[in-house]
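Below, each chain spelled out in residue letters.
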Amino acid sequence: MTSVLYDVPGPKARLYSLIGSAVGILIILGILAIAVTTLAQQGIFDADRWEIFYGPMAPDVWSLIGQGILSTLAAAAVAAVIAFPLGIALCLLRISLIAWIRIPTQVVLEFLRGMPVVLMMLFILLVFATGQFQAVVVGLTLYNAAIFAEILRAGIQSLPKGQREAGLAIGLRSFQSRMSIEFPQAVRRMLPSLVAQLVVLLKDTSLGYIVGYEELLRKIQIMADFLGPNFLFPAFFVGAAIYILINLTVSRIAILIERRGSKKAAGGMAPMTIRTGLEGTGNDPVAQNVVPGAANPEKK
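Asker: Looking at this structure, I do not really get the overall build of the protein chain. What am I missing?
Answerer: In terms of regular secondary structure, the protein chain is built from eleven helices and zero strands. Starting at the N terminus and walking to the C terminus, you meet the elements of the protein chain as α-α-α-α-α-α-α-α-α-α-α. Out of the 300 residues belonging to the protein chain, those deemed buried represent 32%. In the protein chain, of all internal contacts separated by at least 6 residues, the share reaching a separation of at least 24 is 68%.

Asker: When you look at the pattern of salt bridges in this model, what are you seeing that I'm missing?
Answerer: Pairs can form between side chains of opposite charge once their charged atoms are near each other. Applying the stated criterion across every chain yields a total of four salt bridges. Close ionic contact of Arg153 with Glu150 constitutes a salt bridge, the shortest N to O distance being 2.7 Å. Linking Arg153 with Glu150, this pair stays in helix 6 (residues 132-157), spanning three residues, or about one helical turn. Both residues of the pair, Arg153 and Glu150, belong to the buried class. Of the charged contacts, one joins Glu214 and Lys219 as a salt bridge, the two residues approaching to 2.9 Å between their closest N and O atoms. Judged by relative accessible area, which is 36%, Glu214 ranks as partly exposed. For Lys219, a relative accessible area of 9% gives the class buried. Each of Glu110, Arg113, Glu150 and Arg153 takes part in a single network of salt bridges with overlapping partners.

Asker: Sorry, what's going on with helix 5 (residues 117-127) here?
Answerer: Because each turn of an α-helix spans 3.6 residues, side chains separated by three or four positions in sequence point in the same direction. All buried positions along helix 5 are accounted for by Val117, Met120, Met121, Ile124 and Leu125. What you see down the axis of helix 5 is that its buried residues fit within an arc of 130°, all on one side. Those residues of helix 5 that are buried are in contact with helix 4 (99-114), helix 6 and helix 9 (191-204). At the exit of helix 5 stands Ala129, carrying a positive phi of roughly 55°.

Asker: Help me understand a nonpolar patch on the surface, please; the structure alone is not making it clear to me.
Answerer: A grouping of Leu15, Tyr16, Ile19, Val23, Ile27 and Ile31 is seen on the molecular surface, where their side chains present a nonpolar patch of about 600 Å² in accessible area. By secondary structure assignment, the location of Val23 is in helix 1 (residues 11-41). A relative accessible area of 41% places Val23 in the partly exposed class.

Asker: I'm lost on the nonpolar core in this one. Help?
Answerer: One recurring pattern in soluble globular proteins: nonpolar side chains tend to sit buried together. Counting 53 residues, the largest nonpolar core has Phe53, Ile65, Cys91 and Val136 as its most contacted members. Sorting the residues of this core by element identifies helix 3 (58-94), helix 4, helix 5, helix 6, helix 8 (174-189), helix 9, helix 10 (216-227) and helix 11 (232-267) as the ones contributing at least two each. Broken down by element, the residue count for this core peaks at 13 residues, all from helix 6. Contacts of Ile65, omitting those with residues within four sequence positions, involve Phe53, Leu216, Met223, Val238 and Ile242.

Asker: Where do I start with the packing of aromatic side chains in this structure?
Answerer: Two descriptors summarise a pair of aromatic rings, namely the distance from one centre to the other and the angle between the planes of the rings. Across all of its chains, the model carries eight aromatic pairs by this definition. Their ring planes at 85° and their centres at 5.8 Å tell us that Trp50 and Phe237 sit as a pair that is edge-to-face. Of this pair, Trp50 sits in helix 2 (residues 47-50) while Phe237 sits in helix 11; the two residues are 187 residues apart in sequence, bridging distant segments of the chain. Look at Trp50 and you get buried, because its relative accessible area is 18%. Judged by centre distance (5.8 Å) and plane angle (75°), the rings of Phe84 and Phe148 are edge-to-face. Note that Phe84 is positioned in helix 3 and Phe148 in helix 6, a separation of 64 residues in sequence. The class of Phe148 is buried, set by a relative accessible area of 1%. Chaining the aromatic ring pairs together yields one cluster made of Trp50, Phe53, Trp62, Phe233 and Phe237. Its end group placed over the ring of Tyr209, Arg218 keeps NZ or CZ at 5.3 Å from the ring centre.

Asker: Any chance you could explain the environment of Phe133 here in plain terms?
Answerer: Along the chain, Phe133 turns up in helix 6. Considered as a pair, Phe133 and Tyr213 are 80 residues apart in the sequence and their alpha carbons are 6.3 Å apart. Setting aside anything within four residues of it in sequence, one finds Phe133 in contact with Ala74, Ala75, Val78 and Tyr213.

So, how was this worked out
All chains use their own residue numbering, which begins from 1 and follows the written sequence. Given that this is a predicted model, residues contribute local features only at a pLDDT of at least 70 and side-chain atom pairs are listed and counted only at 80 or more, while totals for whole chains, interfaces and linings are drawn from all residues. Side-chain numbers come from the whole structure's heavy atoms, not from hydrogens or water. Helix and strand assignments come from DSSP, with helices taken as H or I runs of at least 4 residues and strands as E runs of at least 2, each series counted from the N terminus. Throughout, exposure labels follow a simple rule: accessible area from a 1.4 Å probe, protein chains only, divided by the maximum for the residue type, with under 20% read as buried, over 50% as exposed, and the rest as partly exposed. Note on definitions: a residue-residue contact is assigned when non-hydrogen atoms from the two residues lie within 4.5 Å. Every case where a carboxyl oxygen of Asp or Glu lies within 4 Å of a side-chain nitrogen of Lys or Arg is listed as a salt bridge. Along the arc lie the directions from the helix axis toward the C-beta atoms. Each patch is built from salt-bridge-free residues with over 30% relative accessible area, joining like charges within 9 Å and nonpolar side chains (Val, Leu, Ile, Met, Phe, Trp, Tyr) within 5 Å. Here the accessible surface of atoms and residues is derived via Shrake-Rupley with a 1.4 Å probe, and residues count as covered only by protein chains that are part of the display. Working definition of a nonpolar core: buried Ala, Val, Leu, Ile, Met, Phe, Trp, Tyr and Cys residues. They are joined through side-chain atoms within 4.5 Å. Each aromatic pair joins two rings of Phe, Tyr and Trp (for Trp, the six-membered one) with centres within 6.5 Å, and gets the label stacked for planes under 30 degrees apart, edge-to-face for over 60, and tilted for any other angle. In our convention, an over-ring charge means Lys NZ or Arg CZ found within 6 Å of a ring centre and within 35 degrees of that ring's normal.

Shown next, in the form of structure tokens:
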């Protein structure tokens, strides 16, 4: 199949691309080798620096990390559960046909999207005198609800106009058409962007460190301060690995959900039967595979 964006590369172009890829890989491997060699010379990979994860102190260290993981997941889960329905509501208000509803909502969304999350957390903590958990959750909820609203709005606007017109034509109200026809398609279409934003939400829980919330990053910092600077790199390396593992797990779960939803959507489509009113009479053009008005091939 010929690409419509650019011409199919010829033999020389493919050769140059292969050479460029090989050179790029060699450069990356060289940088990694230099980094590993430098760290090794500093004694980063000495066994005594990693003993905290498998030696006598391991139970206390892993217990502290486990508490940080639970705090991170708790804040992210609560914020996500609240932010997504709130994002749907903001999206509905944003695409309203009534100007005095649509315009103020647009202003609010632009404000929430432009405000740094950590400032919202600090504002909620200091002005409303809430706890650290509440400040983190509310800050994450407001920011990500605005992002979810814009993602869903983009998904709805990308749908053909016939989707909404068909819903209204069969007697659905505007809100019913939005929720029954347009939103399910928009969510499925924008699922990669929604999952990416969930990963961002999960990583943004680390900003709770600024307001004193003891999530994973703060627990690791406490552990590193207590153990000393020699254990700073191992502690943060394990923390980064945990963040990556959690984010990959979230992405994988979303992919599985998307695949299952696609299979259900494909399997739920029943074949359409055309009724002509001539069934059983012997003159049904559908049963005879004959198009009305066309010559009968058997009479040639």
